[in-house]
Each structure stands twice: as structure tokens, then as C-alpha cells.
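Take a look at the letters that make up each chain.
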Amino acid sequence: MLTAFARAFRTPDLRKKLLFTLGIIVVYRVGTHIPIPGVNYKAVQTCVTEASGNQGLFGLVNMFSGGALLQITIFALGIMPYITASIILQLLTVVIPRLEALKKEGQSGTAKITQYTRYLTVALAILQGTGLVATARTGALFSGCTAAGSIVPDPSIFVTITMVICMTAGTCVVMWLGELITDRGIGNGMSILMFISIAATFPSALWAIKKQGTLADGWIEFGTVILVGLVMVALVVFVEQAQRRIPVQYAKRMIGRRSYGGTSTYIPLKVNQAGVIPVIFASSLLYIPALVAQFAGGNSGWKQWVETNLTKGTHPVYITLYFLLIVFFAFFYVAISFNPEEVADNMKKYGGFIPGIRAGRPTAEYLSYVLNRITWPGSLYLGLIALVPTMALAGFGASQNFPFGGTSILIIVGVGLETVKQIESQLQQRNYEGFLR
């Protein structure tokens, strides 16, 4: 593997792409440490230190921003608005016929949808930036911190607007950096930035577990967590690569003097067809009532119930709802992202068929049957992986934001595999061996 890395850097154009990607990553990480105007930086640092390992409701968003959210920097919102906008557009494509028609137009339609995604990203950045400034100004961003009330010392409208504009501009810059990586670097730009944001929180999270440990000055807990993390990575890699291959045979056709078809291929149906999207959906849905209860006045019964059951990751009600939502969204996302009838029609159009299954409707029913069967273990796997930090590692001082669990490990493994595959394909184009012998 090290030899393959050395060969990658010896190839001039591949080396240029890798160095360009690394340069953009450095710029992104520098931006996550530049505070926006109007913020008391000393008060923020005091509250971040006091809230270490207990990030509350903002843990998920803070993880996606690489720790920049709680630091209230120019990249505080990170890529979360873009991720949300992409998911919303993907769901609307199924509902709105105009977007569905654009998706079928090819490259021009995809460019139009990307433009809509950018506009929606800016709107969401303004909305989320306003919410973050309001939360920081009231002191709710760091509940329990003695300096929480002095994070934004000037509550004037001008300062608030300036802060929101800076964070929105930061989100636009992050979006631009991601597109630069996609065009001129290696891998998908947004995925790479997401990977870096999550990986950047690993050292501090692991060191916090070591400091909270009691056995052998915390080293036993630290080593156990590292071991469990490696086992989880191996499990996630195994399941993410697992797929059910549906054989497809294409009949031979004569067009003029040439014969076409007569080949056999397969349709790869992944066990985890939905990826990490169900976990993000479930986390976001459970985040909404807790956030509403945090800003609601008074002390009503529903607010007390939400604060008791939905703000603590170890509560049985939270665990049950989280698991059920992940399973539901796994089936929901697979249903909207893979259309068996469309696949069956395309196969029939080009003379393809599954051996033993008639073309047309029987093929669509067979694909739907197989997809439902493999989605069950995939959805249960997602739910268990997401709940590992809550259930199995609570004794080591971990929380639902533990780095080796849930959303973070799925994204790290998924992006890592895709990026390595891209580098490997570039090496194989130049007659080099890849990473896998």
C-alpha cells in the first residue's frame, strides 16, 4: 500500500491533484479557526473547555463542521447547509415532476439542479446562521457555562446581521472549495471536506476519554476504545462492500451487419443501499423537538417530557425512537432512490432479462422482493451501529458524539473507500498496481 502511495506521488498529474486537494484541506481547516466579528473569543474558549465531551443538541452539527460551530468561526456552519439542501432537492425530485424531468435530461439538467441546490444552501445558511447567533446571544449554546451570557456582548441589529453575513459567506466559500476539489482534485469535494471535519474531532474526543478514565490513568479505557473502534471499522467496511448481484443476460441482436448484445452482467444491490442518509434523517428529526423545547417559554408538560426523554442519548425512549426512525428512513430512502419498474423497463428496452424471470412486470416484482429482503439487515445494521456509542461505550465516558460510532464512522469509511478507489483507478490507467493486490 505504501508503494502505491509512492507511485501516486511519482505520477505528475496525479501528484498535482493530490497536492491541490491537500492545499484546499489546509485552507478549510484554517478557516475553521478564524472567529467572526462580534464574538468574545475568550468567553467562547472558556465555554468550549467547560462543555468538552458534552455538546448537547449541537453535537451532530458541530461534528460536521469539524468543531467550528461551538467556536463560532466563519466556517461555523460548515457543509451542513449544503448537505441539507442536497437531501431536500433529492426528495423533491420524486415529488415535483419538473425536477424529475430535469434529472432525466442528463448533464444540463443535473447542472440546473446543482444551481437550485446552491440557492437553497444560501437560504438555509442564512436561517441556520440567524438561529446560531440567537442561541449564542441568549447563552443557550453552552447551557451551564458561566461565561455563556457574554459570548455576544453587543446585541445590536447591525452586529447580528454582520455575524449572519459572515457565516453565510463562509458556507458559500466551503461550497466553492468542495467544488474545486471535485473539478481539479481527487474524490468528491463535499465528501472529502465532510471526512476532514469528522476526522479533525477524533484526537480531542479520544484524549477526553483518556482524561476521564480511571484505570491505569485512563490508558486502559483509551486502548479499549481504540480496539473497539478498529473492530467497528472492519465491520462497517465488510457490510459497506457487501452486495447482492442479480445476474442479467442480454440477448444477441443483429443491426445491419453487426451483432449487439449476447453479454452477461449483473445488477449490484448493496446491503446498505441507503448509506448514511437514514442516520442523518433520524438525528435531524429528533433534534427538532428538543430545539423547539429549548426556546419555548414556560414550563409546560410537553416541554418537560421532551427535555426528559429526547435530550438525553441514553434514555430508553430516545434510543427506541432513534432506532425505529433509522429503520423507517432506510426503507423510505431506498424506495425513492431505486425504482425497480424503471430498471425493469430499461432492461426490457435493451433486450436484457434475468435468467428464469420474465421481462417487464415480473422482473420489477422480483427486484422489489430482493431489495426488501436485503434492506432489512441493512437497516438493522445502521440502527445498531448508530447506537453503539450510547449503549456499549457509555462506561468509558463516551457520548452519542463518540467518534467511533454512528454517523461519523459510516461517513469516514464510505468516503475513504470511494477516494481510494478513485486513486486506484488512476494508478491502473497508468499500468500500476492499485492498493489491493
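Fair warning: this is a prediction, and the values are worked out from it, not measured in the lab. (Residues numbered from 1 in each chain as written. Predicted model: local features only at pLDDT ≥ 70, side-chain atom pairs only at ≥ 80, totals over all residues. Heavy atoms only, no water.)

Colleague: I keep staring at the overall build of the protein and nothing clicks. Help me out?
Modeller: Each helix and strand in the protein was counted, giving 18 helices and 5 strands. For the protein, buried positions account for 43% of its 437 residues. In the structure as shown, the protein presents an accessible area of about 22,300 Å², 63% of it carried by carbon and sulfur atoms. (Helix = DSSP H or I, 4+ residues; strand = E, 2+ residues; numbered from the N terminus. Buried < 20%, exposed > 50% of the residue type's maximum accessible area, 1.4 Å probe, protein only. Areas by Shrake-Rupley, 256 points an atom, 1.4 Å probe, with all protein chains shown as cover.)

Colleague: It is not clear to me how the pattern of salt bridges should be interpreted in this structure. Could you clarify?
Modeller: Side-chain pairing between opposite charges can occur once the charged atoms of the two side chains come close. A complete count under the given rule lists 3 salt bridges for this structure. Glutamate 179 serves as the salt-bridge partner of arginine 118, at 2.9 Å between the closest nitrogen and oxygen. Here glutamate 179 lies in helix α9 (residues 157-184) and arginine 118 lies in helix α8 (residues 107-138), a separation of 61 residues in the sequence. A salt bridge links glutamate 365 to arginine 361, with the nearest nitrogen and oxygen atoms 3.3 Å apart. On the criterion of helical spacing, the pair formed by glutamate 365 and arginine 361 is a turn pair, its members being 4 residues apart in helix α17 (residues 361-391). (Salt bridge = Lys/Arg side-chain N within 4 Å of Asp/Glu carboxyl O.)

Colleague: I keep staring at the packing of aromatic side chains and nothing clicks. Help me out?
Modeller: In this description, a pair of aromatic rings is defined by centroid distance and the angle of the planes. Taken as a whole, this structure holds 6 aromatic pairs when the rule is applied. Between phenylalanine 328 and phenylalanine 332, the aromatic rings sit 6.1 Å apart at their centres with planes inclined by 15°, giving stacked as the arrangement. You can see phenylalanine 328 and its partner phenylalanine 332 sitting in helix α15 (residues 316-337), 4 residues apart, about one turn around the helix. The class for phenylalanine 328 is partly exposed, based on a relative accessible area of 49%. (Phe/Tyr/Trp six-rings, centres within 6.5 Å; stacked < 30°, edge-to-face > 60°.)

Colleague: Whenever I open this one, the pairing of strand β1 (residues 243-250) confuses me. Can you help?
Modeller: Regular strands have side chains that alternate between both faces of the sheet. In terms of strand pairing, β1 meets strand β4 (residues 264-270) through 7 bridges, oriented antiparallel. Bridging from a neighbouring strand, proline 247 pairs with tyrosine 266 of β4. Note that β1 and strand β5 (residues 352-353) share 2 bridges and pair antiparallel. Its bridge partner being in β5, tyrosine 250 is matched across the sheet by glycine 352. (Pairing = 2+ DSSP bridges.)

Colleague: Before we go on, may I ask you to explain the sheet that holds β5 in this structure?
Modeller: The strands making up a sheet associate through hydrogen bonds between their backbones, and the pairing can be parallel or antiparallel. Ordered in space as β4-β1-β5, the 3 strands form an open sheet in which the pairing is antiparallel. On the outer flanks of this sheet lie β4 and β5, each paired with one strand and no other.

Colleague: I tried to follow helix α14 (residues 301-309) on my own but got confused; where do I start?
Modeller: Note on helix geometry: an α-helix contains 3.6 residues per turn, so any two residues three or four positions apart are oriented the same way. Taken residue by residue, α14 has Lys303, Val306 and Asn309 as its buried positions. One side of α14 holds all its buried residues, which, seen down the axis, span an arc of 150°. (Arc of directions from axis to C-beta.)

Colleague: What is the right way to look at the nonpolar core in this model?
Modeller: Generally speaking, nonpolar side chains in soluble globular proteins are found buried as a group. Counting residues in each nonpolar core, the largest one holds 65 residues, and the members touching the most others are Leu269, Val279, Tyr322 and Leu410. Broken down by element, this core gets its largest block of residues, 10 residues, from α17. Setting aside anything within four residues of it in sequence, one finds leucine 410 in contact with Val236, Glu240, Val276, Val279, Tyr381, Leu382 and Ile385. Formed by 19 residues, the second largest nonpolar core is a distinct cluster that contains Cys47, Leu69, Val133 and Val164. (Core = buried A, V, L, I, M, F, W, Y, C linked by side-chain atoms within 4.5 Å. Contact = heavy atoms within 4.5 Å.)

Colleague: So what exactly am I meant to see when it comes to the side chain of threonine 21 here?
Modeller: When you line up the elements, threonine 21 lands in helix α2 (residues 12-31). At 2.9 Å, the side chain of threonine 21 and the backbone oxygen of lysine 17 are in polar contact. (Polar contact = N/O pair within 3.5 Å; in protein donor to acceptor, adjacent residues only side chain to side chain.)

Colleague: How should I be thinking about α8 in this particular structure?
Modeller: Over its 32 residues, α8 extends 46 Å from the first C-alpha to the last, a length consistent with the 46 Å expected when each residue adds 1.5 Å. Residues Gly109, Ile113, Thr117, Thr121, Leu124, Ala125, Gly129, Leu132, Val133, Thr135 and Ala136 constitute the buried set of α8. (Expected span 1.5 Å × (residues − 1).)

Colleague: Before we go on, may I ask you to explain a nonpolar patch on the surface in this structure?
Modeller: Taken together, the side chains of Leu2, Phe5, Phe9, Leu19 and Leu22 make up a nonpolar region of the molecular surface, amounting to roughly 480 Å² of accessible area. Elements with a contribution of two residues or more to the nonpolar patch: α1 (2-10) and α2. The leading source of residues in the nonpolar patch is α1, at 3 residues. (Patch = residues over 30% accessible without salt bridge, like charges linked within 9 Å, V, L, I, M, F, W, Y side chains within 5 Å.)

Colleague: Which parts of the structure should I look at to understand the environment of leucine 69?
Modeller: With respect to the helices, strands and loops of the structure, leucine 69 is situated in helix α5 (residues 68-71). Since its relative accessible area comes to 3%, leucine 69 is described here as buried.

Colleague: Which parts of the structure should I look at to understand the environment of asparagine 339?
Modeller: You can see asparagine 339 is positioned in the loop between α15 and α16 (340-349). By relative accessible area, which is 38% here, asparagine 339 ends up partly exposed. Taking the C-alpha atoms as reference points, asparagine 339 and serine 368, 29 residues apart in sequence, are found 8.4 Å from one another. Only 3.2 Å separates the side chain of asparagine 339 from the backbone nitrogen of glutamate 341, close enough to count as a polar contact.

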